[in-house]
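So you can see what is in the structure, the chains are spelled out below.
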Amino acid sequence: MSAPHSILTRIRRRLRYLWRGLALSALILLLGQAWCAWQVYQYAQLPTQLPTHADAAVVLGAAAWGKNPSPVFRERINHALILYQTERVDKLIFTGGTPKKGFPTEAEVARWFAIKQGVPERDIIFETRSKDTYQNLANTRVMMQKHHLQNVIIVTDPYHMARAMTMAQDLGIRASPSPTPTSRYNTATRKTRWQFFVTESYLLFAYRILYFGRKILK
C-alpha cells in the first residue's frame with residue numbers, strides 16, 4: 001500500500017469516527033431535550049387537589065403592572081392565598097425584584113395584594129432582589145433558613161413547574177409542587193400554550209446542561 005493511500009485511509013477512518021461521534025452526541029442531546037419536554041408535560045398535568053401541609057407557600061415572581069399584579073401573577077397569588085386560607089401553609093413567601101428601577105418590585109406588589117385579602121403582615125415573607133427563577137429559589141432558601149422553615153409548596157404556572165422543582169431540588173429545598181389551576185395560560189390560544197411549552201422545555205434542558213457543566217468543573 002502506497003504512503004498517500006495509507007494516509008487517505010487513515011483520514012477517512014478518522015472522519016468516519018468523527019461523524020459517528022457527532023451523530024451520537026446529537027442523539028444524546030435530542031433524547032435529553034425530549035426528556036425535559038416530557039417532564040414539563042408531566043408536571044403540567046399534576047392533579048389540582050391541594051397538597052398536604054407545609055410551612056410556607058412560595059409564589060414565584062411574574063410581571064407586575066405598576067402596583068398591580070399581572071393576570072398571570074395574580075392567579076399565582078390567589079392560589080397561594082387558597083393554600084393559606086385552608087391552612088395548608090402557615091406563611092406566604094413572595095419573590096421577585098423589578099425589571100425597571102423606580103417601579104414596585106414583584107414581591108412588594110404580591111405582599112400588598114395579600115394584605116388587602118386579609119393576610120397578616122407577620123405571615124408574609126418576601127425578598128425583592130431576584131431577577132429569575134433560580135434567584136427566586138436561591139433567595140427562598142436563605143429566607144427559609146432565616147425563619148427556620150423546613151418545607152414549602154411551590155406555586156407557579158403548570159408549564160413552569162418542572163423547571164422550578166428541578167432548581168429547588170438542586171438547591172436542597174424540600175418542596176412540593178402546586179401548579180396554579182387558574183393559570184391564564186390554560187385559557188390562552190393553542191399557539192400561546194405551545195410556545196410556552198416549547199420555551200419551558202428548552203429552558204429546562206439548557207439549565208440541566210449548565211448545571212451538569214458546573215458540577216463537572218467543581
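These figures come from a predicted structure and were not determined experimentally.

What counts and what doesn't
Residues numbered from 1 in each chain as written. Predicted model: local features only at pLDDT ≥ 70, side-chain atom pairs only at ≥ 80, totals over all residues. Heavy atoms only, no water. Helix = DSSP H or I, 4+ residues; strand = E, 2+ residues; numbered from the N terminus. Buried < 20%, exposed > 50% of the residue type's maximum accessible area, 1.4 Å probe, protein only. Contact = heavy atoms within 4.5 Å. Areas by Shrake-Rupley, 256 points an atom, 1.4 Å probe, with all protein chains shown as cover. Pairing = 2+ DSSP bridges. Axes fitted to C-alpha atoms, helices over the stretch in contact; angles between N-to-C directions. Parallel < 35°, antiparallel > 145°, perpendicular 65-115°, else oblique. Left-handed = near helix turned anticlockwise from the far one by under 90°. Nonpolar A, V, L, I, M, F, W, Y, C, P; charged D, E, K, R; others polar. Salt bridge = Lys/Arg side-chain N within 4 Å of Asp/Glu carboxyl O. Core = buried A, V, L, I, M, F, W, Y, C linked by side-chain atoms within 4.5 Å.

A. Molecular detail of the overall build of the chain. Within the chain, the regular secondary structure consists of six helices and seven strands. Counting from the amino terminus, helix and strand elements in the chain follow one another as α-β-β-β-α-β-α-β-α-β-α-β-α. Looking at the chain as a whole, 42% of its 218 residues are labelled buried. At a minimum sequence separation of 6, the contacts of the chain that also span at least 24 residues come to 70%. A total accessible area of about 13100 Å² is found for the chain, and carbon and sulfur atoms account for 58% of it.

B. Representation of the environment of serine 176 within the structure. Among the structural elements, serine 176 can be located in strand S7 (residues 175–177). The class of serine 176 is partly exposed, set by a relative accessible area of 32%. Taking the C-alpha atoms as reference points, serine 176 and histidine 53, 123 residues apart in sequence, are found 9.8 Å from one another. Those residues in contact with serine 176, other than ones at most four positions away along the chain, are Val152, Ile153, Ile154 and Met165.

C. How the structure looks around the sheet that holds strand S1 (residues 54–59). If you walk across this open sheet you meet the five strands as S5-S4-S1-S6-S7, and the pairing is parallel. Taken across any chain shown, the strands that pair with only one partner, and hence form the sheet edges, are strand S5 (124–126) and S7. Each strand of the sheet is rotated relative to its neighbour by a mean of 30°, with strand direction disregarded. With five bridges connecting them, S1 and strand S4 (residues 89–94) associate as parallel partners. Counterpart to alanine 57 in the pairing with S4 is leucine 92. Strand contacts of helix H4 (residues 133–146): S1, S4, S5 and strand S6 (152–155), with the helix running at about 135° to S4, the strand carrying the most contacts. Across the sheet, helix H5 (residues 161–170) is in contact with S6 and S7; its angle to S7 comes to roughly 170°.

D. Highlighting the packing of H4 against H5. Between H4 and H5, the shortest axis-to-axis distance is 10 Å and the interhelical angle comes to 40°. One element, H4, and the other, H5, form an angle in the oblique class. The way H4 lies across H5 gives a crossing that is right-handed. Seen from H4, the contacting residues are Thr133, Tyr134 and Leu137; seen from H5, they are Arg163, Ala164, Met167 and Ala168. Its residues assigned to classes, the contact of H4 with H5 comprises five nonpolar, one polar and one charged.

E. Representation of the packing of helix H2 (residues 71–85) against helix H3 (residues 106–116) within the structure. In contact at an axis separation of 11 Å, H2 and H3 are set at 50° when each is read in the N-to-C sense. When the axis of H2 is compared with that of H3, the two are oblique. The way H2 lies across H3 gives a crossing that is right-handed. Judged by residue contacts, Phe73, Arg74, Ile77, Asn78 and Leu81 of H2 engage Glu106, Ala110, Phe113 and Ala114 from H3. Here the contact of H2 with H3 is built from residues that sort into six nonpolar, one polar and two charged.

F. Spatial organisation of the pattern of salt bridges. Counted under the stated rule, the structure contains five salt bridges. Linking glutamate 121 and arginine 111 is a salt bridge whose minimum nitrogen-to-oxygen distance equals 2.9 Å. Here glutamate 121, found in the loop between H3 and S5, pairs with arginine 111, found in helix H3; they are 10 residues apart in sequence, far enough to count as distant. Residue classification places arginine 111 among the buried residues on the basis of a relative accessible area of 19%.

G. Summary view of the nonpolar core. Residues Ile77, Val89, Leu92 and Phe94 are the most contacted members of the largest nonpolar core, which totals 22 residues. For this core, the elements supplying multiple residues, two or more each, are S1, H2, S4, H3 and S6. When residues in this core are grouped by element, the largest group, seven residues, is from H2. Setting aside residues no more than four positions away along its own chain, isoleucine 77 makes contact with Val59, Pro69, Phe94, Ala110 and Phe113. The next biggest cluster of nonpolar side chains, apart from the first, holds 20 residues, and it includes Leu137, Met143, Leu149 and Ile154.

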